[in-house]
Amino acid sequence: MFPYHSHQMNPAWNYGPVLSVQNISHSFGAKQILHQLSLDVQSGDWIGIIGPNGSGKSTLLSLMSRAQAPSRGEIFLQGRAINSYKRKELSRHMAVLQQEALPPVSYTVREVVEMGRFPYQSFWGLEKEDSQVFIDGIMERLQLEDLHDRPMDQLSGGQRQRVALAKLMAQSPDIVLLDEPTTYLDIHYQVQFMEMVRSWQNDCGLTVISVLHDLNLAALYCNRLVVLEDGKLVAEGSPDEIMTQEQLEDVFQVNTVIVEHPEIERPQILVSPNLPTRKVK
Amino acid sequence: MKTRVIQQKNTWGKTLAVGTTGIGLLLLSIVLCLAIGSVYLPAGEITLILLNKIPGLQSFIPATWDPTSEQIMLQVRMPRVMLAMLVGASLGLAGAAFQGVLRNPLADAFTLGVSSGASVGAALLIYFGLQYALLGQWTIPIVAFMTGVITLVFVLQMAKENGKIPIETLILSGVVVQAFLGSIVSLLVALSNQAVNEILFWTMGSLAFRGWEYSGVVLPYFLVSLLLLLAYSRALNMLALGERQAAHMGLHVERTKWIVLLAATFVTAAAVSVSGVIGFVGLVVPHLLRLLIGSDYRLLIPMSAVGGAIYVLWADTIARTILSPTEIPLGVVTAFIGAPFFAFLLIRRKKQRGAVS
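Not measured: the values here are computed from a predicted model.

Here's the deal with unusual backbone geometry
Residue and element names in this part refer to chain A.
- Despite not being glycine, asparagine 23 has its phi angle at roughly 55°, a positive value.
- Looking at the secondary structure, you find asparagine 23 in strand E1 (residues 19-28).
- The phi dihedral of serine 172 is positive, around 35°, even though this residue is not glycine.
- Mapped onto the elements of the fold, serine 172 is located in the loop between helix H5 (157-170) and strand E7 (175-179).

Put into C-alpha cells, the structure is as follows:
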C-alpha cells in the first residue's frame with residue numbers, strides 16, 4: 001500500500017466545494033482575459049478545462065494556483081480565501097505541474113523529488129517525521145527506482161515528466177493542477193502519465209484540475225469538463241454532455257463525429273477534414 | 001527500501017568525504033603557508049605551537065621551540081593567514097550565493113557593484129589624503145564598507161519593479177553602476193600623480209600589515225552569512241528549477257532573493273573593506289567546485305567557503321614570497337592562477353563529455 005502522508009486539513013472546512021472560483025475577471029493590460037468566471041470543484045473530481053488557444057485556460061489555472069492574483073473576484077480553497085494561506089501551507093494543500101517541463105539541471109532524480117518535501121521542512125530543512133520511506137514508495141510507484149541517482153539532464157522527456165509528477169506526490173497535496181501535462185509526450189508516455197495520475201487519485205482521494213489540449217484524453221480521464229471560450233465559461237458537464245457535435249463545432253470550429261469508446265463508456269472524437277464554413281474567426 | 005539505504009549512504013558518504021578532504025587540505029595549507037616566508041619555520045614546530053594554543057592541550061605539549069619562532073608565527077604570519085582565509089571564505093561563499101540566486105554563470109561576489117562602490121569610497125579618501133582622518137587605520141575600511149553597501153541598495157532600488165527584483169534587470173543595473181563607478185576610480189587614478197599609485201594598489205587588493213583586529217571585523221559577518229546561506233541552500237537548489245516552480249513548492253521567492261543577496265553583499269563588503277578588491281575568487285571557486293562535487297548548494301555553499309579560504313591563502317603566500325621583499329598585489333595573483341586553472345578544468349570536462357557520448 002502506498003503510504004500517504006495525510007496532513008491536517010482546514011478544520012473549519014468539511015463540506016462544500018474543495019476549490020471555489022467566485023466571479024473572477026482578469027485583465028492583462030488593456031486586454032481582458034477572463035470575464036466573470038465562476039466554478040466549483042468538488043473533492044475527488046477530475047476536472048478537464050478545455051477550449052481553443054487563447055481562451056484563458058492557462059490563465060485560469062495560474063489564478064487558481066495563486067501564481068497571479070485575479071483583477072476581480074475571489075478564489076476559496078477549502079472554504080478559505082486562497083490569499084489567506086501562507087506559502088508553505090498552500091503548497092501542502094495544492095501542487096502544480098507547469099506547462100514547461102522541468103529544466104535539465106544536474107540534480108539527481110531523487111534530489112528533485114525530495115525538493116517536494118520543502119513545505120514540510122523547518123528553517124534548517126528538518127522534517128517532523130522521516131519521509132524517506134514515503135519517497136521510496138513514490139519512486140517505486142512511478143518506476144523511478146533505477147533512475148534515482150541519474151542527473152535530470154540525462155533523462156528523456158517522458159522520464160522527466162514522471163519526475164515532475166513524483167515531485168508533486170512528495171508534496172502530498174489534496175489538489176493538483178496540471179497545465180497541459182501531456183503536450184511534449186509521445187502516445188505511450190501520455191497514457192502512462194494519465195494512468196499514474198488516475199491511480200494516485202483513486203488511492204488518495206485526490207482532486208485533479210487539468211488543462212488538456214487532447215479532447216479524447218480529456219473525455220477518457222475527466223469526470224467533468226469545463227469549456228472556456230474567449231475568457232468565458234460557456235459549458236460544463238460530464239464528457240457525454242460536453243462532447244457533442246454542435247458544442248465542438250461551436251467552440252472549436254471543427255466538424256466531428258462522436259463515437260463511443262468500444263471498451264469503456266466514454267465518448268471519443270473523430271475529426272472531419274472539412275472545416276465548417278458557418279462562422280469564420 | 002534498498003534504494004533508500006544506498007541513496008543515503010551515497011549522500012552521507014559524499015558529504016563526509018568532500019568535507020574531510022576540504023578541511024584536511026585547509027589545515028595542511030595553514031601549516032605550509034605559516035612555514036613559508038623570509039624566515040623558514042619547520043612545519044613540525046608550527047603544528048606543535050598551534051596544538052599548544054588549543055585550550056586543554058597545553059599541558060601535554062611542552063614548549064620546546066625557540067620563543068622567536070612563536071613570536072613570528074603568532075604576531076606576524078598567523079594574523080595574515082587568518083585574514084586570508086576569512087577574506088577568501090567570504091568571497092567564495094558570496095560567489096556561490098550570487099550564482100545561485102542570479103542563475104548566471106558570470107555572476108560573482110562583485111556583480112552588484114559592491115567592489116566598485118567600495119573602491120570609489122577608498123579612492124576618494126586616498127585622493128584627498130584622508131586615509132587616516134578621524135578613524136585612523138579604520139577610515140578606509142569603514143568608508144569602503146559603507147559606499148559598497150550604499151551601491152548595493154542603489155542597484156536594488158534601480159532594479160526593483162512592483163516589489164519584485166527581475167534577475168535580468170538586476171544584473172544589468174549592477175553592470176551599469178559598476179561601469180560608472182569604475183570610471184570615477186580610473187579618473188581619480190589618472191588625476192593623482194604619485195609614482196606608486198596607492199588607489200591602484202587598493203583596487204588590486206592586499207593583506208599586508210593587517211593585525212588580528214582585521215580578522216575580528218570580518219569574522220562576525222562571515223559567520224552570520226554562512227549560517228543564513230546554509231539555511232537557504234535548499235532554496236537555492238529549488239530556484240535552479242525556475243522561480244515559479246520554486247514558488248509552487250512553497251518558497252517565498254522574493255524574500256529568498258532579498259535575504260541571499262543582502263547576506264552575500266554584506267559579507268563581500270566586509271571582506272573588500274579590509275583587503276581591497278580581490279577578483280576572481282567568487283567567480284572561479286564555486287565553478288571549480290561545481291565541476292568537482294556537483295551543484296547541490298547544501299554542499300556547494302560550505303565548500304565554497306573552504307575552497308575560497310584555501311585559494312586566497314595560497315595566493316597571498318605567493319604574493320608575499322615570490323618576489324620577496326617586494327609584494328605582488330593579491331588580486332593579480334588570484335586572477336593569474338585562477339584563470340588558466342579554470343580553463344584547464346573546462347577543457348578537461350569537455351573531453352570527458354566527448355568520451356561519454
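So, the packing of helix H8 (residues 212-231) of chain B against helix H11 (residues 253-275) of chain B
Residues and elements named next belong to chain B.
- Packing of H8 against H11 brings their axes to within 9 Å, and their N-to-C directions diverge by 165°. Relative to H11, the element H8 lies roughly antiparallel. H11 is crossed by H8, and the crossing has left-handed handedness. Contacts between H8 and H11 pair Tyr214, Val218, Tyr221, Phe222, Ser225, Leu228 and Leu229 from the former with Ile259, Val260, Ala263, Phe266, Val267, Ala270 and Val274 from the latter.
- Looking at the contact of H8 with H11 residue by residue, the classes come out as 13 nonpolar, one polar and no charged.

A short note on the nonpolar core
- In this structure, Val109 and Val163 of chain A together with Phe98, Leu102, Leu170, Trp202 and Leu261 of chain B are the most contacted members of the largest nonpolar core, which totals 160 residues.
- Counting residues per element, this core draws most heavily on helix H3 (residues 67-102) of chain B, at 18 residues.
- Apart from the residues lying within four places of it in its own chain, the contact partners of phenylalanine 98 of chain B are Arg103, Ala107, Asp108, Ala109, Leu112, Leu261, Ala264, Thr265 and Thr268 of chain B.
- Judged by nonpolar contacts, the second largest core, of 28 residues, contains Leu39, Leu60, Met64 and Leu177 of chain A.

Here's the deal with the sheet that holds strand E3 (residues 46-50) of chain A
All names here are of chain A.
- Spatially, the six strands line up as an open sheet ordered E6-E7-E8-E3-E9-E10, and their pairing is mixed. Looking at strand neighbours, the two that pair on one side only are strand E6 (94-97) and strand E10 (232-237), the edges of this open sheet. If you compare each strand with its neighbour and ignore which way they point, the axes differ by 15° on average.
- Strand direction decides the pairing type here: E7 and strand E8 (residues 207-211), joined by five bridges, are parallel. Counterpart to isoleucine 175 in the pairing with E8 is threonine 207.
- Lying over the sheet, helix H1 (residues 57-64) contacts E3, E6, E7, E8 and strand E9 (224-229), oriented at roughly 150° with respect to E7.
- Across the sheet, helix H6 (residues 187-204) touches E3, E6, E7 and E8, and the angle it forms with E3 is around 140°.

Focus on the interface of chain A and chain B
- On the side of chain B, 28 residues touch chain A, which itself brings 36 residues to the contact.
- Summing the contributions of chain A and of chain B, the shared interface buries around 2,800 Å²; its carbon and sulfur component is 57%.
- Applying the counting criterion to the chain A and chain B interface returns zero salt bridges.
- Residue assignment for the side of chain A that touches chain B shows that the elements contributing at least two residues are helix H2 (87-93), E6, helix H3 (109-115) and helix H4 (132-141) of chain A.
- Its residues placed into classes, the side of chain A that touches chain B shows 14 nonpolar, twelve polar and ten charged.

Considerations on the sheet that holds strand E4 (residues 72-77) of chain A
All names here are of chain A.
- A sheet is described by the order of its strands in space; here four strands give the open sequence E2-E1-E4-E5, paired in antiparallel fashion. Of all the strands in the sheet, the pair left with one neighbour each is strand E2 (31-41) and strand E5 (80-81).
- Where E1 and E4 come together, five bridges link them in antiparallel fashion. Paired with serine 25 across the bridge in E4 is arginine 72.

Side note on the environment of serine 38 of chain A
Residue and element names in this part refer to chain A.
- Mapped onto the fold, serine 38 is located in strand E2.
- Separated by 151 residues in sequence, serine 38 and tyrosine 189 have C-alpha atoms that sit 33 Å apart.
- From its side chain, serine 38 meets the backbone nitrogen of asparagine 23 in a polar contact 2.8 Å long.

Topic: the side chain of threonine 317 of chain B
Residue and element names in this part refer to chain B.
- Its location among the elements puts threonine 317 in helix H13 (residues 297-321).
- You can call threonine 317 buried: its relative accessible area is 3%.
- Sequence-distant contacts of threonine 317, defined by excluding residues within four places in its chain, comprise Cys33 and Ile36.

Rules behind the numbers
Residues numbered from 1 in each chain as written. Chains lettered and ligands numbered in written order. Predicted model: local features only at pLDDT ≥ 70, side-chain atom pairs only at ≥ 80, totals over all residues. Heavy atoms only, no water. Helix = DSSP H or I, 4+ residues; strand = E, 2+ residues; numbered from the N terminus. Axes fitted to C-alpha atoms, helices over the stretch in contact; angles between N-to-C directions. Parallel < 35°, antiparallel > 145°, perpendicular 65-115°, else oblique. Left-handed = near helix turned anticlockwise from the far one by under 90°. Contact = heavy atoms within 4.5 Å. Nonpolar A, V, L, I, M, F, W, Y, C, P; charged D, E, K, R; others polar. Core = buried A, V, L, I, M, F, W, Y, C linked by side-chain atoms within 4.5 Å. Buried < 20%, exposed > 50% of the residue type's maximum accessible area, 1.4 Å probe, protein only. Pairing = 2+ DSSP bridges. Buried area = accessible area lost by both parts, 1.4 Å probe. Salt bridge = Lys/Arg side-chain N within 4 Å of Asp/Glu carboxyl O. Polar contact = N/O pair within 3.5 Å; in protein donor to acceptor, adjacent residues only side chain to side chain.

Everything listed here is a matter of coordinates, which is why it stays silent on function.
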